[in-house]
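Each chain, written out:
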Amino acid sequence: MFTKVLVANRGEIAVRVTRACRELGVRSVAIYSQADKDSLHVRDADEAYCVGPGPVPRSYLDIANIVSTALASGCEAVHPGYGFLAENARFAEICSDHGLVFIGPKPAVIAAMGDKAIAKRIMKEAGVATIPGSDILESARAARDAAKKIGYPVLLKATAGGGGKGMRSVERPEDLERAYASATAEAEASFKDGRLYMEKLLVRPRHVEVQVLGDEFSNVLHLGERDCSVQKPSHQKLIEEAPAPDLGQKQRRALHEMAVRACKSVGYTNAGTLEFLVSDDHVYFMEMNTRIQVEHPVTEAVYGVDLVKEQIRIAAGERLGYAQEDLRPRGHAIECRINAENPRNNFAPEAGTLSRVAFGDGAGIRVDTYVASGSLVPPYYDSLLAKIIAWGEDREQAIARMLQALRETKIEGVHTTLGECSDILETPEFREGRYDIGFLPRLLAGTAALRQAQG
Ligand code: MV4
């Protein structure tokens, strides 16, 4: 095992990784920006070093500074968390060039999965179901031919994309040229890569993803699925749960089997997530994320596995200590993301001082956070303040425990998503587990219209 690990992140995930290090008897080194100097992730670590000013490119993305800090402080490995440098193949490569273990998959695998069109091609060749569509499109004219073959409606996607940037749905041939132009322009502006590919547009799909772990000895295990269909119009997830409600045993098995097969075919190591869309009883591979995800705690709650500790053990060259049949899910878990943002203003992020922070607790409740009363929320970073995770023997108990924990939680100083999370959990669609990716946008449009009508 390592003796010292640098945590190349901030916020709740830096706190989470630092805890995993401590539990493994590994010393942790925090990095922080000047804006984060009083943050909890700094106080929790054994050592902490400032790597630059608040703006992300000058601190948490400053590769030279971070690698130098890891080397100067005597670290053997770097945990990237999620976001920032977590899926930067060049960063992983530079770490390894300097004798540092990057806690994640191999740089070539990160790079391949980062290109959505390449990832899809690899998965298709591995026998994983993919959404009917085209390869990379060379021109608007190629797009027209592809759409004719696929059949309208179609969806243009950016190969460098993810998160919906550079994505356009097209209902009719006469709309294609304009959609192609605006999608490629947006992709070019966002990623400096305007390449697009096309897919059949799925109607009201659900977003279901599978957690995997692979060690350095070609062992790959899955830890079931999560439903992450509750997303804001901006494609940001708000509520996730495990297992996915309303999924047949046949589809569930197909998802798990495809995820493991996909990982074996690319030589996947460490923790990863395969995203699928589920529509009309069909499951299709969409993207693979080569990092630990925000919503990993719902899987931990149901499987009784510490995924971050597993990441560190795998990177240190240890074998997975159990087989697939040893992993048995138990009960149900739900996560609510508590963000510092104003739901009445398009979820605009808010910065400020938190005059009061108190989280609900009780049986089955876990809170992952980096804030407490008096904490400062800087303006430069992701708005996630805390994740509340509720576990129950069944879905109904998990929902009831979550609602109670949300009611008990008090955050003053900024607007938050606490109220929206409660509202969603109270809807019949959520309670019945019958929701798709359009659920939250429809709900928000409905409440906005209602408020307008009431003046
Ligand atoms: C789709 C789709 C429907 N059909 N692909 C959105 C983000 C990007 N990573 C993929 N996305 C989608 N791809 C086909 N062929 C619908 C979406 C989509 C979506 C997917 C998952 C979660 C939320 C979503 C919200 C809107 C659209």
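On a predicted model such as this, the values are computed, not experimentally measured, just so you know.

**What to know about the overall build of the chain**
- The secondary structure content of the chain amounts to 15 helices and 23 strands.
- For a compact globule of 455 residues, the expected C-alpha radius of gyration is about 23 Å, and the chain comes in at 22 Å, within 12% of that figure.
- Taking the principal axes of its C-alpha atoms as reference, the chain extends roughly 60 × 55 × 45 Å.
- At a minimum sequence separation of 6, the contacts of the chain that also span at least 24 residues come to 66%.
- Counting only carbon and sulfur atoms, one obtains 49% of the accessible surface of the chain, whose full area is about 19,100 Å².
- The positive charge centre, built from 56 side chains, and the negative charge centre, built from 62, are 2 Å apart in the chain.

**A closer look at the packing of aromatic side chains**
- A complete count under the given rule lists 7 aromatic pairs for this structure.
- Here Tyr 60 and Tyr 381 contribute two aromatic rings whose centre-to-centre distance is 5.5 Å and whose plane-to-plane angle is 80°, an arrangement assigned as edge-to-face. Residue Tyr 60 is located in the loop between β3 (47-52) and α3 (63-72), and its partner Tyr 381 is located in the loop between β21 (376-377) and β22 (384-392); the two are separated by 321 residues in the primary sequence.
- For Tyr 60, a relative accessible area of 0% puts it in the buried group.

**Looking at the site of the ligand**
- Taken together, 17 residues lie around the ligand, and Lys 157, Glu 199, Lys 200, Leu 202 and Glu 287 are the ones closest in.
- Surface burial for the ligand is 89%, taken as the share of its 520 Å² of free accessible area covered by protein chains.
- If you list the elements that add at least two residues to the shell around the ligand, you get β7 (154-158), β9 (196-200) and β14 (282-289).
- Across the shell around the ligand, the residue classes break down as 8 nonpolar, 5 polar and 4 charged.

**Comments concerning the pairing of strand β2 (residues 27-33)**
- The buried fraction of β2 amounts to 6 of the 7 residues, a majority that puts the element mostly inside the structure.
- In terms of strand pairing, strand β1 (residues 4-7) meets β2 through 4 bridges, oriented parallel. Along β2, the bridge assignment pairs Val 5 with Ser 28.

**Re the sheet that holds β14**
- The strand order across the open sheet built from 8 strands is β14-β13-β10-β11-β12-β15-β22-β20, with neighbouring strands paired in antiparallel fashion. Looking at the sheet topology across the chains shown, the edges are occupied by β14 and β20 (365-369). Looking at each pair of strands side by side, their axes are set apart by 25° on average, direction ignored.
- As judged from the 5 bridges shared by β20 and β22, these two strands associate in the antiparallel manner. The residue of β22 that forms the bridge with Thr 369 is Ala 386.
- Sheet strands touched by helix α6 (residues 116-125): β13 (270-279) and β14. Its angle to β14, the strand with the most contacts, is close to 130°.

**Section: the side chain of Thr 269**
- Note that Thr 269 resides in the loop between α9 (249-266) and β13.
- For Thr 269, a relative accessible area of 7% translates into the label buried.
- Once residues within four sequence positions are removed from consideration, Thr 269 is found in contact with Gly 104, Pro 105, Lys 106, Gly 214, Asp 215 and Glu 216.

**Considerations on unusual backbone geometry**
- The linkage connecting Tyr 152 with the following residue, Pro 153, adopts the cis geometry, with an omega of -5°.
- Take Pro 153: it is sitting in the loop between α7 (140-150) and β7.
- Between Ala 242 and Pro 243 the backbone carries a cis peptide bond, its omega angle lying at -5°.
- With respect to the secondary-structure elements, Pro 243 resides in the loop between β12 (237-242) and α9.
- For Asp 280, which is not glycine, the phi torsion reads 50° and is therefore positive.

**What to know about the sheet that holds β3**
- Read across the open sheet, the 5 strands follow the order β3-β2-β1-β4-β5; overall the sheet is parallel. Two strands bound the open sheet, and with one partner strand each, they are β3 and β5 (101-102).

**Quick look at the domain arrangement of the chain**
- Per the domain assignment, the segments making up the chain are domain 1 (4-103), domain 2 (132-200) and domain 3 (206-453).
- Its C-alpha centre places domain 2 at a distance of 29 Å from the equivalent point of domain 3.
- With 6 residues of domain 2 in contact, the opposing surface of domain 3 contributes 5 residues.
- Carbon and sulfur atoms supply 56% of the area that domain 2 and domain 3 bury against each other, a total of about 340 Å² over both sides.
- For the interface between domain 2 and domain 3, the tally reads 0 salt bridges.
- At the junction of domain 2 and domain 3, the tally comes to 0 residue pairs in polar contact (both at pLDDT 80 or more).
- Looking at the side of domain 2 that touches domain 3, its residues break down into 2 nonpolar, 3 polar and 1 charged.

**Considerations on the packing of helix α1 (residues 11-23) against helix α11 (residues 307-315)**
- Two elements in contact, α1 and α11, have axes whose closest approach is 9 Å; the angle formed by their N-to-C orientations is 60°. Between α1 and α11 the crossing geometry is right-handed. Facing α1, whose interface residues are Arg 16, Val 17, Ala 20, Cys 21 and Glu 23, α11 presents Leu 307, Val 308, Lys 309 and Ile 312.
- Residues of the contact of α1 with α11, tallied by class, amount to 6 nonpolar, no polar and 3 charged.

Rules behind the numbers
Residues numbered from 1 in each chain as written. Predicted model: local features only at pLDDT ≥ 70, side-chain atom pairs only at ≥ 80, totals over all residues. Heavy atoms only, no water. Helix = DSSP H or I, 4+ residues; strand = E, 2+ residues; numbered from the N terminus. Rg over C-alpha atoms; globule rule 2.2 N^0.38 Å. Contact = heavy atoms within 4.5 Å. Areas by Shrake-Rupley, 256 points an atom, 1.4 Å probe, with all protein chains shown as cover. Lys, Arg positive; Asp, Glu negative; His and termini not counted. Charge placed at Lys NZ, Arg CZ, Asp CG, Glu CD. Phe/Tyr/Trp six-rings, centres within 6.5 Å; stacked < 30°, edge-to-face > 60°. Buried < 20%, exposed > 50% of the residue type's maximum accessible area, 1.4 Å probe, protein only. Near = heavy atom within 4 Å. Nonpolar A, V, L, I, M, F, W, Y, C, P; charged D, E, K, R; others polar. Pairing = 2+ DSSP bridges. Axes fitted to C-alpha atoms, helices over the stretch in contact; angles between N-to-C directions. Domains from an automatic or database assignment. Buried area = accessible area lost by both parts, 1.4 Å probe. Salt bridge = Lys/Arg side-chain N within 4 Å of Asp/Glu carboxyl O. Polar contact = N/O pair within 3.5 Å; in protein donor to acceptor, adjacent residues only side chain to side chain. Left-handed = near helix turned anticlockwise from the far one by under 90°.

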